[in-house]
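Below are the chains, spelled out letter by letter.
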Amino acid sequence: MSDVFRGSFTQQEPIPEAGIEAAVAVMRSGRLHRYNTAPGEIAQTVLLEQEFAASVGATYCLAVASGGYAMATALRAVGVKAGDRVLTNAFTLAPVPGAIAAVGAVPVFVGVTPLLVLDLEDLAAKADQSSVLLLSHMRGHLCDMDRLMEICDAAGITVIEDCAHTMGAAWNGKPSGTWGTVGCYSCQTYKHMNAGEGGLLVTDDAQVAARAIMYSGSYMLYESHLAGPPKEAFETIRYETPNISGRMDNLRAAILRPQLADLATQCARWNERYFALEAGIRDVPGLTVIERPVQETIVGSSIQFLLNGWEAAAVLDLLGRCKARGVELKWFGNAEPVGFTSRYDSWRYVDAPAMPDSDNVLAGIVDMRVSLTLSLEDCTLITRIIREEVGRVWQFSA
Ligand SMILES: *Cc1c(COP(=O)(O)O)cnc(C)c1O
């Protein structure tokens, strides 16, 4: 008789009551658009931008329609043009190369190491191929950011950070999203703050901030952006920058503000679950946990482990067995992209050379979402199921 996990990996917690009340108040007011304010009123969107900028220690912040939109806007705002090449991770999710393609640019993939971070040697080798890196902190793993910035500064590469999985995380105490020129965040349902859809962009660069605000569709109302640069920054930019509408609305901002206030608490709750899961799968023969560097302040909203050297059939057998017991694992080694697990060679609009070292790593990556609706007892049961099933499958394939 074997235990089955009957919970859900995708069930989110409800929006905090304060967020629901604030959202209802916005709806009652009828003023959902960020530029539609009563005399003296500061829009929810603006308040969110001010609070988010303060939370990461950035000078400027812009709230937008999605994380993907934030990345495409950041690329445009730092001057990426159609036909330009942009360095990015081979191990990331589809919206990242998609943002590069959205501006007509061409992704150049940089490899992944067994610690699931950007391969900095590969980055250094490709540094002469582009002047922009869209760095994805995929699944919350931060590479050595000190070293990365050294490489990029020396090569004159502008860094844009995709922090969809690292909102609340830091390297050496400095928040992710504040290392590069622009930090981009997602507020889509499965990220660290949930507005259904939404994105945030931070920067300390007044010109980049001014361009991003104009791109997002500010109808020359940029002076109401209290987390934006002074109006002088818009002097010529306002005539030169097309409007590619992608603003956030006040309803989403109202839902997000109480979540931002709770973010540190939520991150601690994710980490409690993450470290419980990690402890539960440590020392399982055939399975390798991903060791986290001491410089990293993590937000454990997902967990990965490696099945190094496993045959595809054995991995699929394991996934099937775990699924039958209620444990949903995702595998990045699958020949076909399934759900969220696409990889560089799934994006066939990019002419990407094969990356054998990265392929080796990707072939072993197993991924599990950590929902805050999992209890610590759930984590114990889940890891017991993984341990038992790895034990069964590994025994026969080794
Ligand atoms: C979710 C996600 C994004 C942004 O996605 P949106 O759905 O557009 O908000 C960017 N990068 C990664 C790695 C993501 O998972």
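Calculation rules
- Residues numbered from 1 in each chain as written.
- Predicted model: local features only at pLDDT ≥ 70, side-chain atom pairs only at ≥ 80, totals over all residues.
- Heavy atoms only, no water.
- Near = heavy atom within 4 Å.
- Polar contact = N/O pair within 3.5 Å; in protein donor to acceptor, adjacent residues only side chain to side chain.
- Areas by Shrake-Rupley, 256 points an atom, 1.4 Å probe, with all protein chains shown as cover.
- Nonpolar A, V, L, I, M, F, W, Y, C, P; charged D, E, K, R; others polar.
- Buried < 20%, exposed > 50% of the residue type's maximum accessible area, 1.4 Å probe, protein only.
- Helix = DSSP H or I, 4+ residues; strand = E, 2+ residues; numbered from the N terminus.
- Pairing = 2+ DSSP bridges.
- Right-handed = clockwise from strand over helix to strand, strands pointing away.
- Domains from an automatic or database assignment.
- Buried area = accessible area lost by both parts, 1.4 Å probe.
- Salt bridge = Lys/Arg side-chain N within 4 Å of Asp/Glu carboxyl O.

Trainee: Residues and numbers for the site of the ligand, please.
Mentor: Surrounding the ligand, one finds 15 residues, the nearest of these being Gly68, Asp162, His165, Ser186 and Lys191. Measuring from an oxygen atom of the ligand, one finds a backbone N or O atom of Gly67 at 2.8 Å. A distance of 2.8 Å separates a nitrogen atom of the ligand from a polar side-chain atom of Asp162. Protein contacts shield 90% of the accessible area of the ligand, which totals 380 Å² for the unbound molecule. Residues that form the shell around the ligand fall into these classes: five nonpolar, eight polar and two charged.

Trainee: Just give me the short version of the pairing of strand β2 (residues 85–89), but keep the residues and values in it.
Mentor: For β2, a buried count of four out of five residues is recorded, marking the element as mostly surrounded by other parts of the structure. By the bridge criterion, five bridges tie β2 to strand β3 (residues 106–110) in an arrangement that is parallel. Along β3, the bridge assignment pairs Thr88 with Phe109. After leaving β2, the chain enters helix α4 (residues 95–102) and then returns to the sheet as β3, a path that is right-handed. By the bridge criterion, two bridges tie β2 to strand β4 (residues 132–136) in an arrangement that is parallel. The residue of β4 that forms the bridge with Thr88 is Leu134.

Trainee: Hey, could you go over the domain arrangement of the chain for me, with residue numbers and the actual values?
Mentor: Partitioning the chain into structural domains gives domain 1 (17–261) and domain 2 (263–397). Summarising the inter-unit geometry, the C-alpha centres of domain 1 and domain 2 are found 27 Å apart. Carbon and sulfur atoms supply 66% of the area that domain 1 and domain 2 bury against each other, a total of about 2900 Å² over both sides. When the area that domain 1 buries against domain 2 is broken down by residue, the three leading residues are Phe109, Arg139 and His192, summing to 20%. Along the contact surface separating domain 1 from domain 2 lie one salt bridge. Measuring nitrogen to oxygen at the nearest pair gives 2.8 Å for the salt bridge that ties Asp367 to Arg139. Seen at the junction of domain 1 and domain 2, the total is eleven residue pairs in polar contact (both at pLDDT 80 or more). Of all the elements in the fold, those that place two or more residues in the side of domain 1 that touches domain 2 are α4, β3, α5 (120–126), β6 (170–171) and α9 (250–261). Among the residues forming the side of domain 1 that touches domain 2, the class breakdown is 23 nonpolar, eleven polar and four charged.

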